[in-house]
Amino acid sequence: QVQLVESGGGLVQAGGSLRLSCAASGRFFMITTMSWYRQAPGKQREVVATITRGGDGSVLEDSVKGRFTISRDNAKNTVYLQMNGLKPEDTAVYYCFASAHVRFGVTAPYWGQGTQVTVSS
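As the structure is a computational prediction, the values presented were derived from the model and not from experiment.

Reading the values: the criteria
Residues numbered from 1 in each chain as written. Predicted model: local features only at pLDDT ≥ 70, side-chain atom pairs only at ≥ 80, totals over all residues. Heavy atoms only, no water. Disulfide = S-S within 2.5 Å. Helix = DSSP H or I, 4+ residues; strand = E, 2+ residues; numbered from the N terminus. Buried < 20%, exposed > 50% of the residue type's maximum accessible area, 1.4 Å probe, protein only. Salt bridge = Lys/Arg side-chain N within 4 Å of Asp/Glu carboxyl O.

### Focus: the state of the cysteines
This model, assessed by the stated rule, comprises 1 disulfide. Bridging Cys22 to Cys96, the disulfide has an S-S length of 2.1 Å. One disulfide, between Cys22 and Cys96, carries an S-S torsion of -80° and so falls in the left-handed class. Of this pair, Cys22 sits in strand β3 (residues 18-26) while Cys96 is found in strand β9 (residues 92-103), placing the two residues 74 residues apart along the sequence. Here Cys22 and Cys96 have matching classes, each one buried.

Printed below as a string of structure tokens:
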């Protein structure tokens, strides 16, 4: 019912920047909370940042505070993650998450397919 398509990942040198995008499409009334998670090889998936529909964004992962910023465009049903000052330890697959009202009284979680971010030293 809801598809999340991420883009913007790639290979970057340490200190560089990337901007991830995640666009939601399909059948839904409203996208509420949107978040970015990441999963490095051999590690559990962790939440990086989250943002409400009203635009209240929070970077939750201590290691990226001050370097990453989350934002969204409700008209485009898109969430962004601006990543500056990238470090090799930021290397991971980054996943988009969205909570969507799919019909009256029903909210469901959806995940994107993930986009690889690789930071070289």
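### Some remarks on the pattern of salt bridges
Enumeration over the complete set of coordinates arrives at 4 salt bridges. For Arg38, the salt bridge identified is with Asp90, shortest N-O distance 3.0 Å. A residue pair is termed long-range when its members are at least 10 positions apart, and Arg38 in strand β4 (residues 30-39) and Asp90 in the loop between β8 (78-83) and β9 qualify at 52 residues. Here the two residues Arg38 and Asp90 agree in accessibility, since each one is buried.

By themselves, these figures tell us nothing about what the structure is for.
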